Amino acid sequence: MKKMNIGLIGAGFMAKAHSIAYAGMPMFFWPAPAIPVKKTIVDINEEIARDSADKLAFKTYSTDWRAIIEDPEIDIVDICTPNNIHAEIAIAAAKAGKHIICEKPLALTSTQARDMYLAAKENKVTTMVAFNYRKTPAVQLAKKYITEGAIGRILDFHGTYLQDWSADPNSPLSWRFQKSICGSGALGDIGTHVVDMLRFLVGDFDSVNARTATYIPERPTQSGLSDSLGNIKSSSNTPKKPVDVDDQCCFMVQCKNGAFGTIEATRNAWGRNNFITFEIHGTEGTIYFNYERRDELQVCFAKDNDDRRGFRTVYTGPSHPYGSSLWPIPALGIGYTETKIIETYDFFKAIMENRQPEPNFKDGYAIELISDAVLESAQTQQWTKIKEIS
Ligand SMILES: NC(=O)c1ccc[n+]([C@@H]2O[C@H](COP(=O)([O-])OP(=O)(O)OC[C@H]3O[C@@H](n4cnc5c(N)ncnc54)[C@H](O)[C@@H]3O)[C@@H](O)[C@H]2O)c1
């Protein structure tokens, strides 16, 4: 069976998730499209790079991402760095003819995202942007129901991504709160996941009307580039610096097909951990999903008799999308890892079939155009049309 060598850049949270997925993908999806081989891991911090090679089972490590681009044996470049260097690495990887999986959001701006998309297109490489939540089997089941017309024409929808890991003003000023490194705050970091899911489920967005806020305007400085996601609190005398991105955003969405929706992303929702939800109302029914109960899809079908109409819970299992390759009975437990394993499978399959998987760099670029429109609308306080892919 064909083997494909991976070079992974940025050895933090996502490196762990992707590394588990490389190991796990053939165990679930057999015969695998190709076998991932973890060849080189890179981190700018040498101690982290060395440690990660052992922990995540890579053959070698480096502190310079160019080592991966220049290595002719590397087939796939996996970008798990903070957002500010996604574009530079991806463009170099595309020019070197490597296939690319890049963490989300794709870039700092839609201009950068466009350059990445065009570089990949010109060099005919396969790309994926790692919006893994849409790979949750229950989300894929929602897509199946919608495509089959089970809830009719979509009227409106509501999406949320609510977290509280940084609701404490003493959680440090990591790269996620610095515009030059992250691009935008709650919008780019978590809001884009909901945008990706709803764009996938409902259709293309046409325009947005947004409001953003920064409730915690300064945070204690931190050393080092890795983000501890609120697990380290600073003392009260640590010097503080300004936050220059949103920590909450809320926007209305008008879709091209007439559907209307609202999306909220916040890092200040105490008690909410990874509260990714959507509710979609159609002429023939409703679908509700909450990632904190990700084995379940709640559905109500209008055509059911009056005496039994109501929400039912479908537990995803072997009869549902990707289910025959996952676990043998419903409700054994789909986790974050499974979403990353499915993502890896889709990416490898697309490489072997010489086509683009979804979501790819074109989707990542489309989502950057939406983010730009949200930020513009928050400034002008006007409905803002989303620019077309060009
Ligand atoms: N799909 C998801 O669910 C999800 C979840 C979290 C993060 N992310 C995305 O993944 C990316 C990484 O986030 P994370 O949480 O893993 O970050 P992290 O802070 O845990 O790790 C980032 C690592 O990159 C290293 N790094 C920084 N600059 C580098 C450079 N120039 N060369 C090599 N290494 C460098 C840092 O030292 C750090 O170890 C971001 O784009 C983020 O938005 C996605």
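Not measured: the values here are computed from a predicted model.

What follows is about the overall build of the protein chain. Across its full length, the protein chain holds 10 helices and 17 strands. Computed over its C-alpha atoms, the radius of gyration of the protein chain comes to 21 Å, within 12% of the 21 Å expected for a compact globule of 390 residues. Each of the three principal axes of the protein chain carries a C-alpha extent, and together these read 65 × 55 × 40 Å. Per-residue burial over the protein chain gives 48% buried out of 390 residues. Contacts in the protein chain between residues at least 24 apart in sequence constitute 73% of all its contacts with a sequence separation of at least 6.

The next thing to look at is helix 4 (residues 86-95). Listed as buried for helix 4 are His86, Ala87, Ile89, Ala90, Ala93 and Ala94. Buried residues of helix 4 fall within an arc of 165 degrees about the axis and therefore sit on the same side. Residues of helix 4 that are buried sit in contact with strand 1 (3-9), helix 3 (66-69), strand 4 (76-79), strand 5 (99-102) and helix 5 (110-122). One or two residues past the end of helix 4 sits Gly97, with phi positive at roughly 75 degrees.

Once that is clear, we can look at the site of the ligand. Taken together, 25 residues lie near the ligand, and Gly10, Gly12, Phe13, Met14 and Glu103 sit nearest. In the shell around the ligand, the residues fall into 13 nonpolar, seven polar and five charged. Counting contributing residues per domain, the shell around the ligand is built from domain 1 (3-132) and domain 2 (137-333), each supplying no fewer than three.

Many structure descriptions define interface size as the accessible area lost when the parts assemble. Segmentation of the protein chain into domains returns domain 1 (3-132) and domain 2 (137-333). Here the C-alpha centre of domain 2 lies 25 Å away from the C-alpha centre of domain 1. Opposite the 13 residues of domain 1 that make contact, domain 2 presents 13 residues.

This part takes up the environment of Phe275. Summarising the element assignment, Phe275 is placed in strand 13 (residues 275-282). Put simply, Phe275 and Tyr161 are 114 residues apart on the chain and 5.4 Å apart in space, counted from C-alpha to C-alpha. Leaving out residues up to four positions away in the same chain, Phe275 has contacts with Thr160, Tyr161, Leu162, Ala269 and Glu292.

One finds Ala90, Ile100, Met116 and Val374 to be the most contacted residues of the largest nonpolar core, which totals 101 residues. When residues are assigned to domains, this core turns out to be shared by domain 1 (3-132) and domain 2 (137-333), each giving three or more. When near neighbours in sequence (up to four residues on either side) are disregarded, Val374 contacts Leu187, Val208, Ala210, Cys249 and Phe251. If you look at the next biggest cluster of nonpolar residues, it comprises five residues, including Phe177, Cys182, Val243 and Val245.

It is worth spelling out the sheet that holds strand 4 at this point. Spatial ordering of the open sheet is given by 3-2-1-4-5-6, a layout of six strands whose pairing is parallel. In this open sheet, the two edge strands, each paired with only one partner strand, are strand 3 (60-62) and strand 6 (127-129). Across this sheet, the average inter-strand angle for adjacent strands is 20 degrees, counted without regard to direction. Two strands pair when backbone bridges link them, and strand 5 and strand 6 are joined in this way by three bridges, in the parallel orientation. Counterpart to Ile100 in the pairing with strand 6 is Thr127. Sitting on the sheet, helix 1 (residues 13-28) touches strand 1, strand 2 (35-42) and strand 4, and the angle it makes with strand 2 is about 160 degrees.

Let's shift gears to helix 1. Here helix 1 spans 22 Å end to end across 16 residues, near enough to the 22 Å set by a 1.5 Å rise per residue. At Tyr22, helix 1 is deflected by roughly 35 degrees, the largest bend along its length, and proline Pro26 occurs up to four residues later in sequence. Residues of helix 1 that are buried: Ala15, Ala17, His18, Ser19, Ala21, Tyr22 and Met25. Looking at the buried residues of helix 1, the elements they touch are strand 1, strand 2, helix 2 (46-55), strand 4 and helix 9 (336-352).

Turning next to the sheet that holds strand 11 (residues 248-255). Read from one edge to the other, the open sheet built from nine strands follows the order 16-15-14-13-7-12-11-8-17, with strand pairing classed as mixed. Across the chains shown, the open sheet's two edge strands, defined by having one partner strand only, are strand 16 (312-315) and strand 17 (384-385). By the bridge criterion, eight bridges tie strand 8 (residues 205-213) to strand 11 in an arrangement that is antiparallel. The partner of Ala213 across the bridge, within strand 11, is Gln248. Running at roughly 155 degrees to strand 12 (residues 260-266), helix 8 (residues 186-202) makes contact with strand 7 (154-162), strand 8, strand 11, strand 12 and strand 13 of the sheet. In the packing of helix 10 (residues 361-380) onto the sheet, the strands contacted are strand 8, strand 11 and strand 17, and the crossing angle to strand 8 comes to about 55 degrees.

Pairing between strand 11 and strand 12: seven bridges, direction antiparallel. Residue pairing across strands places Met252 opposite Thr262, the latter belonging to strand 12.

Okay, the environment of Phe29 next. Among the secondary structure elements, Phe29 is positioned in the loop between helix 1 and strand 2. In contact with Phe29, other than residues within four places in its own chain, are Ser325 and Tyr345.

Here we come to the environment of Ser325. Relative to the helices and strands, Ser325 is located in the loop between strand 16 and helix 9. Classification of Ser325 as partly exposed rests on a count of 14 C-beta atoms within 10 Å. In this structure, the C-alpha to C-alpha distance between Ser325 and Phe29, residues 296 residues apart in sequence, is 5.6 Å. Excluding residues that lie within four positions of it along the chain, Ser325 makes contacts with Phe28 and Phe29.

Cut-offs and rules
- Residues numbered from 1 in each chain as written.
- Predicted model: local features only at pLDDT ≥ 70, side-chain atom pairs only at ≥ 80, totals over all residues.
- Helix = DSSP H or I, 4+ residues; strand = E, 2+ residues; numbered from the N terminus.
- Rg over C-alpha atoms; globule rule 2.2 N^0.38 Å.
- Buried ≥ 20, exposed ≤ 12 C-beta atoms within 10 Å, placed from the backbone.
- Contact = placed C-beta atoms within 7 Å.
- Arc of directions from axis to C-beta.
- Near = placed C-beta within 6 Å.
- Nonpolar A, V, L, I, M, F, W, Y, C, P; charged D, E, K, R; others polar.
- Domains from an automatic or database assignment.
- Core = buried A, V, L, I, M, F, W, Y, C linked by C-beta atoms within 7 Å.
- Pairing = 2+ DSSP bridges.
- Axes fitted to C-alpha atoms, helices over the stretch in contact; angles between N-to-C directions.
- Expected span 1.5 Å × (residues − 1).
- Bend = angle between axes of the 7 residues up to and from the residue.

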